[in-house]
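Residue strings, one per chain:
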Amino acid sequence: MVKLGFIGAGVVGTALAVRLQEKGYPVVAVASRSKKSAKKLADAVVGCRACDSNQEVVDAVDIVFVTTPDDEVQGVAEELSWSTGKSVIHCSGVDSLDILEKAKAGGAQVGGFHPLQTFASVTHAINNLPGSTFAVEAEGTLSDTLKSMAQSLEGEFVVLGLGDKALYHAAAVVACNYTVTLMKMATDMWKTFGVSTEDATKALLPLLRGTINNIENVGLPDCLTGPIARGDIGTVLKHLDAMEEKAPEIVSTYREMGLQTIPIALNKGKIDLARAEELRLLLKKSETNAYVEVL
Ligand SMILES: NC(=O)c1ccc[n+]([C@@H]2O[C@H](COP(=O)([O-])OP(=O)(O)OC[C@H]3O[C@@H](n4cnc5c(N)ncnc54)[C@H](OP(=O)(O)O)[C@@H]3O)[C@@H](O)[C@H]2O)c1
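Owing to the predicted nature of the structure, the values given are computational and were not obtained by experimental measurement. (Residues numbered from 1 in each chain as written. Predicted model: local features only at pLDDT ≥ 70, side-chain atom pairs only at ≥ 80, totals over all residues. Heavy atoms only, no water.)

(A) Structural detail: the sheet that holds strand β2 (residues 27-31). Ordered by their spatial adjacency, eight strands build an open sheet running β3-β2-β1-β4-β5-β6-β7-β8, and the pairing between neighbours is mixed. Whereas interior strands pair on both sides, the edge strands pair on one side only; in this sheet they are β3 (49-50) and β8 (156-159). When strand β4 (residues 63-66) meets strand β5 (residues 87-90), the two strands line up parallel, connected through four bridges. Looking at the pairing, V64 lines up with V88 of β5. Contacting β1 (4-7), β2, β4, β6 (109-116) and β7 (133-138), helix α1 (residues 11-22) crosses the sheet at an angle of about 165° to β1. (Pairing = 2+ DSSP bridges. Helix = DSSP H or I, 4+ residues; strand = E, 2+ residues; numbered from the N terminus. Contact = heavy atoms within 4.5 Å. Axes fitted to C-alpha atoms, helices over the stretch in contact; angles between N-to-C directions.)

Written out as structure tokens, the structure reads:
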């Protein structure tokens, strides 16, 4: 079995090392900016030793994961001596294989292995990693090795090509980070009737979980509910009036999200083209009015 090593003993490096070792991949060496972090990872993985330098990891293993922050990956890889038979992988969601160009020129096979998951801490990362989707970028045998790793981690994989990464990552930001932003906006609206962020979050979470259930079990577009799905123009109008009075900072996002929601409602088949146009004019019209008022 190929030996694995890690450079960068942070959240992702530790989670991958722990889980891959559990699945039978020998993780034998780790280095980090600080020896303390390297030792911590080594202590969590049977058979792994903390090295004094990044090069020591390269020399000891077949596949090196560079799990430093994105901005460090290229510099770290370029400082090292590579040779044929070695592979180097980064886990960035946005960077492609070009940042490993020098390692490739040195004879190494290069790859990307991005876990499409959110990791708030090492413990969360170890728990959340299995079952994630992994974006794989690599050529030849390394591509097959990374696909097998994703499957060993009980996950799916998506193969990306040159130029795909930025939109792939932007989609992750929309699905993950902006859900957080939308929850923040919703809890801010609850503050207008005196409910704290903490209590509002607790109250809204079952709704969010129900939405995720519907996305998973009913699927797009049929999982869409609410006034736009029903074509309830009066309800949307009341929302806009109330927000303009009490939460004006939310109005432009509400309008834009509403406009993006109309095609989903149309695809679901609950509204016709005429009702879709009325909704579009209402959501756009408010925007125009706001613009005129600002002028
Ligand atoms: N966190 C996420 O949710 C997530 C999800 C998917 C993918 N990723 C990707 O995974 C990669 C790692 O992210 P992360 O969240 O695990 O970062 P992180 O927790 O900040 O860990 C990065 C580690 O790299 C080490 N490091 C920094 N510079 C170094 C250098 N020059 N040489 C050796 N080690 C160095 C740090 O060392 P010390 O601790 O020793 O100072 C730190 O432990 C990134 O490419 C990121 O885009 C992250």
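Read on for the rest.
(B) Main features of the domain arrangement of the chain. Assigned domains within the chain: domain 1 (4-163) and domain 2 (167-294). Relative placement of domain 1 and domain 2: their C-alpha centres are 39 Å apart. On the side of domain 2, four residues touch domain 1, which itself brings eight residues to the contact. Taken as a group, G93, L116 and L160 account for 53% of the area that domain 1 buries against domain 2, more than any other trio of residues on that side. At the junction of domain 1 with domain 2, the criterion picks out zero salt bridges. Connecting domain 1 to domain 2 are one residue pair in polar contact (both at pLDDT 80 or more). Looking at side-chain class alone, the side of domain 1 that touches domain 2 contains five nonpolar, three polar and no charged residues. (Domains from an automatic or database assignment. Buried area = accessible area lost by both parts, 1.4 Å probe. Salt bridge = Lys/Arg side-chain N within 4 Å of Asp/Glu carboxyl O. Polar contact = N/O pair within 3.5 Å; in protein donor to acceptor, adjacent residues only side chain to side chain. Nonpolar A, V, L, I, M, F, W, Y, C, P; charged D, E, K, R; others polar.)

(C) Local environment of the pairing of β5. Residues of β5 alternate between two faces, with S87 and I89 on one and V88 and H90 on the opposite face, all of them buried. Of the pairings in the sheet, the one linking β5 to β6 comprises four bridges and is parallel in character. Looking at β6, one finds that S87 is bridged to Q109. (Buried < 20%, exposed > 50% of the residue type's maximum accessible area, 1.4 Å probe, protein only.)

(D) Structural context of the nonpolar core. Counting 32 residues, the largest nonpolar core has L16, L20, F65, F113 and M149 as the members making the most contacts within it. Elements represented by at least two residues in this core include exactly β1, α1, β2, α2 (35-44), β4, α6 (122-128), β7 and α7 (140-152). The leading source of residues in this core is α1, at five residues. (Core = buried A, V, L, I, M, F, W, Y, C linked by side-chain atoms within 4.5 Å.)

(E) Up close: α1. The end-to-end C-alpha distance of α1 is 17 Å, a good match for the 16 Å that 12 residues give at a rise of 1.5 Å each. Every buried residue of α1 is listed here: G13, T14, A15, L16, A17, V18, R19 and L20. (Expected span 1.5 Å × (residues − 1).)

(F) Region of the structure containing the packing of helix α11 (residues 233-246) against helix α12 (residues 248-268). Relative to each other, α11 and α12 sit at 145°, their axes nearing to 6 Å. Residues V236, H239, L240, M243, E244, E245 and K246 of α11 form the contact with α12, whose participating residues are P248, I250, V251, Y254 and R255.

(G) Representation of a negative patch on the surface in the model. Residues D70, D71, E72, E78 and E79 make up a contiguous surface patch of negative charge. In this fold, E79 is placed in the loop between α4 (70-78) and β5. Accessibility expressed as a relative area gives 67% for E79, which makes it exposed. (Patch = residues over 30% accessible without salt bridge, like charges linked within 9 Å, V, L, I, M, F, W, Y side chains within 5 Å. Areas by Shrake-Rupley, 256 points an atom, 1.4 Å probe, with all protein chains shown as cover. Lys, Arg positive; Asp, Glu negative; His and termini not counted. Charge placed at Lys NZ, Arg CZ, Asp CG, Glu CD.)

(H) Representation of the site of the ligand. As a matter of local geometry, the ligand sits amid 23 residues, with V12, S32, S34, S37 and D70 nearest to it. Separating an oxygen atom of the ligand from a backbone N or O atom of V11 is a distance of 3.0 Å. Within the contact set of the ligand, an oxygen atom lies 2.7 Å away from a side-chain nitrogen or oxygen of S37. Its free accessible area being 910 Å², the ligand has 78% of it covered by the protein chains. When residues of the shell around the ligand are traced back to their parent elements, those giving at least two are α1, α4 and β6. Sort the elements by how many residues they give to the shell around the ligand and α4 lands first, with three residues. (Near = heavy atom within 4 Å.)

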